[in-house]
Amino acid sequence: MNLLGKLEKIKNRFELVNQQLSDPAIMNDREKMISLNKERSDLEEIVQVYHKYADVIKNIDGNKEIIDTGGDNELVELALAELEQLKETKDNIEEEIKVLLLPKDPNDDRNAIMEIRAGTGGEEAALFAGNLFRMYSRYAEQRGWKTELIDINDTGLGGIKEAIFMLSGNNVFGDLKFESGVHRVQRVPETEGSGRVHTSAASVAVLPEVEDVQIEINPNDLKIDIFRSGGAGGQNVNKVETAVRITHLPTGIVVQCQDERSQLKNRQKAMKVLKARLYDLELKKQNEEISAQRKSMVRSGDRSDKIRTYNYPQNRVTDHRIGLTLYNLAGIMEGHLDELIEQLKIADRTEKLQAAEQY
């Protein structure tokens, strides 16, 4: 089937979805309505491009007819000149369509759970983990996303050993999924008297929030401990047992939450993290099978892979996966991540297009 034929099938499906959305029987089915609205949203951009593409094809055919029939020389010359422009427009639209027709990651529009952990480098690594937490929090603020802290373990000196938080909003996982991996910092620590540059690291994991129906957990597989909160937290700390620790016995995964004053809320948050980690574990198994066929440059998602270096003396940030270097470290640490994230998305799309053309 040619490209126009594929697009016509998508247009027909789009029109059918619109008809179903106006059906009173379906309007009373909330889940069906949500599903159809999402499908409509996914198809709408492709249908808009289809109309542009169909118009260009029609105009190309019209100009060819004028040229083939001959007649008025001036009209033929105009048709020839316009034909070249139309062919160029057609090629550009076809490239746009190829990107739009790439399979979408079903997790892209989900909320995300982020985990930041200090790595090698002692207190300096903990300070850097704190910087990353602030960077992502500022980025979320700029995007209008909601940030919800799940658990944090600070050092008392401004650093963070571990921070787990949820970001809710539009296309959160789709924008942040390439942030998973080891982030390395090169700078002179405040405690370093000789001015020597130290290298430290922190790991970042980005997990999609999952629905209950996607991950089934046997209650018998869980060991749940209740304890008193520790660290900064006001009058409630160490007085009431509200903190929750959940151990998933089959995998050994341990999650805890002590941010809320309510034991129930802490338990709900901890279960969200557990489900996300179990889902991530399943995704990793699938990705290992895929990467055996095609090694992805961008989408490793492995928190052991060094993905980025933040060099303070040179005001430089380098993403090693795509060879991108930006001399705007100060702005990036303030949450201005748009250029980095967009370049990673472009690299991922390019890689997918190249893989699609091979098969």
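Summarised in this report is the structure supplied together with it. No experiment lies behind these values; they were computed from the predicted model shown. (Residues numbered from 1 in each chain as written. Predicted model: local features only at pLDDT ≥ 70, side-chain atom pairs only at ≥ 80, totals over all residues. Heavy atoms only, no water.)

**Digging into the overall build of the protein chain**
- The helix and strand tally for the protein chain stands at 9 helices and 11 strands.
- Burial status across the protein chain gives 42% buried among its 359 residues.
- Contacts in the protein chain between residues at least 24 apart in sequence constitute 62% of all its contacts with a sequence separation of at least 6.
- When the accessible surface of the protein chain is totalled, it reaches about 19,900 Å², and 48% of it is carbon and sulfur. (Helix = DSSP H or I, 4+ residues; strand = E, 2+ residues; numbered from the N terminus. Buried < 20%, exposed > 50% of the residue type's maximum accessible area, 1.4 Å probe, protein only. Contact = heavy atoms within 4.5 Å. Areas by Shrake-Rupley, 256 points an atom, 1.4 Å probe, with all protein chains shown as cover.)

**Observations regarding the side chain of K269**
- Position of K269 among the secondary structure elements: in helix α7 (residues 263-293).
- Those residues in contact with K269, other than ones at most four positions away along the chain, are E148, L149, I150, C257, D259 and E260.

**Thoughts on the packing of aromatic side chains**
- Evaluated as defined, the whole model comprises 3 aromatic pairs.
- Plain terms: the ring middles of F128 and Y310 are 5.4 Å apart, the flat faces sit at 65° to each other, and that makes the pair edge-to-face. Taken together, the residues span a long stretch of sequence, with F128 in helix α5 (residues 122-143) and Y310 in strand β9 (residues 306-311) at a distance of 182 residues.
- Given the relative accessible area of 0%, F128 is considered buried.
- Note on Y310: relative accessible area 0%, which makes it buried.
- Ring geometry for Y139 against W145: centres 5.4 Å apart, planes inclined by 90°, an arrangement best described as edge-to-face.
- In this structure W145 comes out as buried when scored by relative accessible area, which is 8%.
- The residue whose ring lies beneath R187 is Y312, and the NZ or CZ to ring-centre distance is 4.8 Å. (Phe/Tyr/Trp six-rings, centres within 6.5 Å; stacked < 30°, edge-to-face > 60°. Lys NZ or Arg CZ within 6 Å of the ring centre and 35° of its normal.)

**Topic: the packing of helix α3 (residues 30-69) against helix α4 (residues 73-100)**
- Their axes nearest at 9 Å, the elements α3 and α4 cross at an angle of 155°. When the interaxial angle is binned, α3 and α4 end up roughly antiparallel. α3 and α4 meet at a crossing whose hand is left-handed. (Axes fitted to C-alpha atoms, helices over the stretch in contact; angles between N-to-C directions. Parallel < 35°, antiparallel > 145°, perpendicular 65-115°, else oblique. Left-handed = near helix turned anticlockwise from the far one by under 90°.)

**Thoughts on the layout of surface pockets**
- Of the volumes computed, that of the second largest pocket is approximately 710 Å³.
- What lines the second largest pocket is a set of 22 residues, among which K104, D105, D108, N171 and R349 lie closest to the centre.
- The element best represented in the lining of the second largest pocket is helix α9 (residues 338-358), accounting for 4 residues.
- Partitioned by chemical class, the residues of the lining of the second largest pocket number 6 nonpolar, 3 polar and 13 charged. (1 Å grid on protein atoms, 1.4 Å probe; cavity = no way out; pocket = protein on both sides within 12 Å on 5 of 7 lines; lining within 4 Å. Points joined across faces, edges and corners; volume = space filled by probe spheres on them. Nonpolar A, V, L, I, M, F, W, Y, C, P; charged D, E, K, R; others polar.)

**A short note on the sheet that holds strand β6 (residues 222-227)**
- Read across the sheet, 3 strands follow the order β6-β7-β8 without closing on themselves; strand pairing throughout is antiparallel. At either margin of the open sheet sits one strand with a lone partner, and together these are β6 and β8 (253-257). Between one strand axis and the next, the sheet turns through 15° on average, direction left out of account. (Pairing = 2+ DSSP bridges.)

**Focus on the side chain of H248**
- With respect to the helices and strands, the residue H248 is situated in strand β7 (residues 243-248).
- Take H248: its relative accessible area is 7%, and that puts it in the buried class.

**Here's the deal with α5**
- Look at α5: 32 Å from first C-alpha to last across 22 residues, which is about the 32 Å you get at 1.5 Å a residue.
- After α5 finishes, the residue G144 shows a positive phi value of roughly 80°. (Expected span 1.5 Å × (residues − 1).)

**Examining unusual backbone geometry**
- Phi angles above zero are rare outside glycine, and N171 is one such case at about 55°.
- With respect to the helices and strands, N171 occurs in the loop between β3 (160-168) and α6 (172-176).
- Of note in the backbone geometry, N315 takes a positive phi value of approximately 50° without being a glycine.
- Mapped onto the elements, N315 comes out in the loop between β9 and β10 (316-319).
- For N315, a relative accessible area of 32% corresponds to the partly exposed category.

**Considerations on the pattern of salt bridges**
- A complete count under the given rule lists 28 salt bridges for this structure.
- The closest approach of N and O atoms between E209 and K272, which form a salt bridge, is 3.4 Å. With E209 in the loop between β5 (198-208) and β6 and K272 in helix α7, this pair connects stretches of sequence that are 63 residues apart.
- Residue class for E209 comes out buried when judged on its relative accessible area of 15%.
- Here E342 makes a salt bridge to R349, at a shortest N to O gap of 3.7 Å.
- In this structure, a network of salt bridges that share partners links the residues E115, R117, E162 and R277. (Salt bridge = Lys/Arg side-chain N within 4 Å of Asp/Glu carboxyl O.)

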